Amino acid sequence: MENAVLITIGDEILSGNTVDTNSNFIATELKNIGIKVSQIFTISDEIDVIKNTLKSAFEIGDLVITTGGLGPTRDDKTKKALAEFFDDEIALDEVTFEHLKSYMEKRGRIEILERNREQAFVPTKSTVFQNHFGTAPCMMMQNGNKLSFSLPGVPYEVKPLIKDQIVPYLKEKFNLNYISTRIVSVVGIPESILADRIEEWELALPENMALSYLPVGTRVKLRLTATGENEQFLQIQLENQIQKLFPIIGENIIATSEDKIEKILAEILNEKEMTISTAESCTGGELAKLLTSNSGSSKYFIGGIVAYATEKKVDILNVSEGTIERFTVVSEEVAREMAEGCQNLFKTDISLSTTGVAGPGKGEDGKDVGTVYYTIRVNNKSETFKLYLPHLDRPDFVSFVSQKIIQDLVGILIGNNS
């Protein structure tokens, strides 16, 4: 059991109305037990499409997992497609029906039991994994020595089915290799130049280890993945290879463990016992959202304010009206005063501020869309930066700027502002 294929079923995914978060979650969980996802299909809820995709999936992988397309009505096409593909028939499973009845009783919904009775009809050759957070069960079927699992599409139902039932089943049934991963975050080097500098190191990696380049804004994440039977050995092996990188690009490495930049910053803030606050305009609270996305963020994040209107920058953050009149609200000088006012307001070691034009229209002071100034203030020292990102739409602009600010702060705190 080495390769898996994921199939997402549903027109709502294809139309763009719903984002497929299930595939990301499932792929991560499978990777952790040594199963690589080779391909992901997103398809419509049509019997022939489902059957044809199942055929292709089994040609590619040893394990096929489908999500979505399992409804409470008689026109549920996924179960029909499964029954036809596996030359089976659909019948009432009494154990599943009793589980469904108990589920409905616990939630005070017994009056709609008969309306959901169809959920207890499953292919007769299937092994049922009961769903404790919804009405549609998970069905496992076998194709020779290969397996398929068909799950509902609701993420809060998918996650416990995968984590609590399917992954433990796979670990017990198959002798799986471990897959260990480390992320090395590199700043200040374009990806192409980075690849040239570490080429000799990359070519000398052990056969059981693979390297991926993952650009995120102005940062490049080097993902090292090792596969083997002994997890502890893999961790040692990864650490040894990472240590060999430091003589080559050590001055550009900001982290070797955490993946997300906000988690990297959290480790540094906790280690240095520093506090932080935010004063945001064009980023609309995204900085505060990132900083508080970590468990335990209350140790370092004291508070934040979205001073969107110009007068609130003056009233709350004590930005000088004269500064605004002279330099306009989107300026280096206003960003600096916002950060200082924020630090005074929240009494923190660090403050971050943003002022800019996220678009799609120009700012009230005529500044071009994509212009942003941000200040990073650490103790009594401020550094202000300017970005011009006219090619990004509003959500991408907000995300990029927020990530870049945190990355720059990490660089400042470890003495490497790149």
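Please read these numbers as outputs of a predicted model, since none were measured by experiment.

Along the protein chain, the regular secondary structure elements total 15 helices and 17 strands. C-alpha extents for the protein chain along the principal axes are approximately 80 × 55 × 35 Å. A buried classification covers 49% of the 418 residues belonging to the protein chain. Long-range pairs, those at least 24 residues apart, make up 66% of the contacts in the protein chain between residues at least 6 apart in sequence.

Further remarks concern helix H15 (residues 394–413). Structurally, the α-helix is built with 3.6 residues per turn, so residues lying three or four positions apart point the same way. Its 20 residues give H15 an end-to-end C-alpha distance of 29 Å, which sits within 8% of 28 Å, the value for a rise of 1.5 Å per residue. The N-cap residue of H15 is Asp393: its side-chain oxygen and the backbone nitrogen of Asp396 are 3.1 Å apart. Just downstream of H15, Gly415 is the residue with a positive phi angle, here 75 degrees.

Counted residue by residue, strand E11 (residues 219–228) has eight buried out of ten residues, so it is predominantly covered. Bridge count for strand E9 (residues 178–187) against E11 is ten bridges, and the pairing is antiparallel. Across the sheet, the residue bridging to Val186 is Val220, located in E11. In the sheet, strand E10 (residues 209–216) pairs with E11 via eight bridges, with the strands oriented antiparallel. The residue of E11 that forms the bridge with Pro215 is Val220. The hairpin turn running from E10 into E11, its antiparallel successor, is two residues long, and Gly217 in that turn takes a positive phi close to 65 degrees.

Right, let's get into the packing of helix H2 (residues 22–31) against helix H6 (residues 155–173). Taken N-terminus to C-terminus, the directions of H2 and H6 make an angle of 20 degrees; their axes are 11 Å apart at the nearest point. When the axis of H2 is compared with that of H6, the two are roughly parallel. In this structure, H2 crosses over H6, and the sense of that crossing is right-handed. In this structure, H2 contributes Asn22, Phe25, Ile26, Glu29 and Leu30 to the contact, and H6 contributes Pro155, Val158, Lys159, Ile162, Lys163, Val167 and Leu170.

A word on the pattern of salt bridges. One pass over the full model with this rule turns up nine salt bridges. A salt bridge links Lys77 to Glu46; the nearest nitrogen and oxygen atoms lie 3.6 Å apart. Of this pair, Lys77 sits in helix H4 (residues 77–85) while Glu46 sits in the loop between strand E2 (36–43) and helix H3 (47–60), and the two are 31 residues apart along the sequence. Here Lys77 falls in the partly exposed class, since its relative accessible area comes to 28%.

Glancing now at a negative patch on the surface. Together, Glu311, Asp315, Glu321 and Glu325 make up a region of like negative charge exposed at the surface. Going through the elements one at a time, helix H12 (310–315) and helix H13 (321–327) are the ones with two or more residues in the negative patch. Relative to the assigned elements, Asp315 resides in helix H12.

The subject of this paragraph is the sheet that holds E2. The strand order across the open sheet built from six strands is E2-E1-E3-E8-E7-E6, with neighbouring strands paired in mixed fashion. Across the chains shown, the open sheet's two edge strands, defined by having one partner strand only, are E2 and strand E6 (127–129). Along the sheet, successive strands turn relative to each other by an average axial angle of 20 degrees, direction set aside. As paired elements, strand E3 (residues 63–67) and strand E8 (residues 146–151) share five bridges and run parallel to each other.

Before going further, it helps to examine the packing of aromatic side chains. Enumeration over the complete set of coordinates arrives at seven aromatic pairs. Seen in terms of ring centroids, Phe58 and Phe86 are 6.2 Å apart; in terms of plane orientation they differ by 85 degrees. Their pairing is edge-to-face. Of this pair, Phe58 sits in helix H3 while Phe86 sits in the loop between H4 and strand E4 (90–92), and the two are 28 residues apart along the sequence. Grouping residues by exposure puts Phe58 and Phe86 together as buried. Ring plane angle 65 degrees and centroid distance 5.6 Å describe the contact between Phe129 and Phe149, whose orientation is recorded as edge-to-face. With Phe129 in strand E6 and Phe149 in strand E8, this residue pair connects regions lying 20 residues apart in the sequence. Since its relative accessible area comes to 0%, Phe149 is described here as buried. Three or more aromatic residues joined by ring pairs make a cluster, and in this case those are Phe58, Phe85 and Phe86. It is Arg117 that lies over the ring of Phe97; its NZ or CZ is 4.7 Å from the centre.

Reading the values: rules and limits
- Residues numbered from 1 in each chain as written.
- Predicted model: local features only at pLDDT ≥ 70, side-chain atom pairs only at ≥ 80, totals over all residues.
- Heavy atoms only, no water.
- Helix = DSSP H or I, 4+ residues; strand = E, 2+ residues; numbered from the N terminus.
- Buried < 20%, exposed > 50% of the residue type's maximum accessible area, 1.4 Å probe, protein only.
- Contact = heavy atoms within 4.5 Å.
- Expected span 1.5 Å × (residues − 1).
- Polar contact = N/O pair within 3.5 Å; in protein donor to acceptor, adjacent residues only side chain to side chain.
- Pairing = 2+ DSSP bridges.
- Axes fitted to C-alpha atoms, helices over the stretch in contact; angles between N-to-C directions.
- Parallel < 35°, antiparallel > 145°, perpendicular 65-115°, else oblique.
- Left-handed = near helix turned anticlockwise from the far one by under 90°.
- Salt bridge = Lys/Arg side-chain N within 4 Å of Asp/Glu carboxyl O.
- Patch = residues over 30% accessible without salt bridge, like charges linked within 9 Å, V, L, I, M, F, W, Y side chains within 5 Å.
- Areas by Shrake-Rupley, 256 points an atom, 1.4 Å probe, with all protein chains shown as cover.
- Lys, Arg positive; Asp, Glu negative; His and termini not counted.
- Charge placed at Lys NZ, Arg CZ, Asp CG, Glu CD.
- Phe/Tyr/Trp six-rings, centres within 6.5 Å; stacked < 30°, edge-to-face > 60°.
- Lys NZ or Arg CZ within 6 Å of the ring centre and 35° of its normal.

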